[in-house]
Amino acid sequence: MELQKTNIIKKSGELFARYGIKSVTMDDIARELGISKKTLYAHFDSKNDLIELLIKESKQDLSSRIEDVEKKEYGGLEKLYYIFIELVKYTNESNSTTYWNFKKYYRELFEDFTDFISKLVDKLCETHIKEAQWDNFIIPNVEAKLFSSFIRKNIMELTDDDVVKITATNRFTIQKDFVYYNLRSIATPTGLEQLDKLKDI
C-alpha cells in the first residue's frame, strides 16, 4: 500500500514536470500508472491533495540540504555561499514550467511554499552575513535581510526561457555565478580570497 502511494507521488511529479501541473489530470496519472481511478483516490482525495504532499516532500528535501550545510564546521561566509548554492541546485532539479504553473494556478499553495523558503533561507543567511562581518569577510553596513532576499528571489525567479534569451549557458551556471559575484560585491579583500577558494571547489 505504502509502496503504491510512493509510486503515485513519483510518477505524478514526473508528469507535472513534463506536461505542467495544470495539464495533468487524475485520469492521466491513473492511466500512466496502470491503476484504476478508484485505487488512485484511495490514496489521495484530490489532485490538490497530491500536490500538497509533493510540496511537503519538497520542503523537507530543502530543509535537509540546508541542515547538512549548517552541521558543517564552516565559517559564516562559507555557510552563506553553500546555502545559496544548495538553493540553486534545488531550483534546477525542478522544471521551471512546473514552477510557473504552480505560481499561476495554485497561488495560495505557492505563497505558502515561497514563505517557507524565505523564512528558512533568509533567517540563516542574515545570521551568516553578520558572522562573516565579525570575521572581516564581509563589509560593515550591509542590509543582511535585504541582501539575502534579493539573492533568493533572483535564484528562484530565473526561468529556462530567460536563460535562452540571455545566453546558451545553462541556468545552473548562471545562477551559481550570480551568487558568487553578488557575494564578491559585499566582500572585504580577505573575503574575496575566501570566495575564490569556494568557487573552485
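Residues numbered from 1 in each chain as written. Predicted model: local features only at pLDDT ≥ 70, side-chain atom pairs only at ≥ 80, totals over all residues. Heavy atoms only, no water.

Asker: Hey, could you go over the overall build of the protein for me, with residue numbers and the actual values?
Answerer: In terms of regular secondary structure, the protein is built from eleven helices and zero strands. The N-to-C order of helical and strand elements in the protein reads α-α-α-α-α-α-α-α-α-α-α. With respect to the three principal axes, the spread of C-alpha positions in the protein is 65 × 35 × 30 Å. Taken over 201 residues, the protein has a buried fraction of 42%. A separation threshold of at least 6 residues defines the contact pool for the protein, and within that pool the share at least 24 residues apart is 70%. Across the protein, the mean location of the 31 positive side-chain charges is 4 Å away from that of the 34 negative side-chain charges. (Helix = DSSP H or I, 4+ residues; strand = E, 2+ residues; numbered from the N terminus. Buried < 20%, exposed > 50% of the residue type's maximum accessible area, 1.4 Å probe, protein only. Contact = heavy atoms within 4.5 Å. Lys, Arg positive; Asp, Glu negative; His and termini not counted. Charge placed at Lys NZ, Arg CZ, Asp CG, Glu CD.)

Asker: Describe the pattern of salt bridges, listing the residues and the values that go with them.
Answerer: Overall, the coordinates contain 14 salt bridges when judged by the stated rule. Close ionic contact of Glu14 with Lys11 constitutes a salt bridge, the shortest N to O distance being 3.1 Å. You can see Glu14 and its partner Lys11 sitting in helix α1 (residues 2-19), three residues apart, about one turn around the helix. On the accessibility criterion, Glu14 (29% relative accessible area) is partly exposed. Close ionic contact of Arg31 with Asp28 constitutes a salt bridge, the shortest N to O distance being 2.5 Å. With Arg31 and Asp28 both in helix α2 (residues 26-33), this residue pair falls three residues apart, about one helical turn. On the basis of relative accessibility, which here comes to 58%, the residue Arg31 falls in the exposed class. What you see here is one network of salt bridges that share partners, running through Asp61, Arg65, Glu86, Lys89 and Glu93. (Salt bridge = Lys/Arg side-chain N within 4 Å of Asp/Glu carboxyl O.)

Asker: Outline α1, listing residues and values.
Answerer: Owing to its 3.6 residues per turn, the α-helix aligns residues three or four sequence positions apart on the same side. Here α1 contains 18 residues, and its C-alpha end-to-end distance of 26 Å stays within 8% of the 26 Å for a straight helix at 1.5 Å per residue. By the burial criterion, the buried members of α1 are Ile8, Ile9, Ser12, Leu15 and Phe16. The buried side chains of α1 occupy one side of the element, clustering within an arc of 135° when seen end-on. What points out from α1, more than 90 degrees from its buried face, is the exposed set Leu3 and Lys10. (Expected span 1.5 Å × (residues − 1). Arc of directions from axis to C-beta.)

Asker: Outline the side chain of His128, supporting the account with residue identities and numerical values.
Answerer: Mapped onto the fold, His128 is located in helix α7 (residues 107-134). Among the residues examined, His128 registers a relative accessible area of 2% and is labelled buried. Within the local environment of His128, its side chain forms a polar contact with the side chain of Glu70, the two groups lying 2.6 Å apart. If we ignore the near neighbours within four places in the chain, the residues touching His128 are Glu70, Gly76, Leu77, Lys79, Leu80 and Ile83. (Polar contact = N/O pair within 3.5 Å; in protein donor to acceptor, adjacent residues only side chain to side chain.)

Asker: Account for the packing of aromatic side chains, with residues named and values stated.
Answerer: Two measures describe an aromatic ring pair: the distance that separates the ring centres and the angle between the ring planes. On inspection of all chains with the given rule, the structure shows six aromatic pairs. Residues Phe102 and Phe110 carry aromatic rings whose centres are separated by 5.5 Å and whose planes lie at 80° to one another, so their mutual orientation is edge-to-face. Take Phe102 and Phe110: they sit in the same class, and that class is buried. Aromatic pair Phe150 and Phe178: ring centres 5.9 Å apart, planes at 45°, arrangement tilted. (Phe/Tyr/Trp six-rings, centres within 6.5 Å; stacked < 30°, edge-to-face > 60°.)

Asker: Help me get a handle on the environment of Ala187, residues and values and all.
Answerer: Within the secondary structure layout, Ala187 lies in the loop between α10 (171-184) and α11 (189-199). Taking the relative accessible area as the measure of exposure, Ala187 reaches 12% and is therefore buried. For Ala187 and Val121, which are 66 residues apart along the polypeptide, the C-alpha to C-alpha distance reads 20 Å. Among residues more than four places away in sequence, those in contact with Ala187 are Phe137, Ile138, Ile139, Leu192 and Leu195.

These results come straight from atomic positions and should not be treated as a statement about function.
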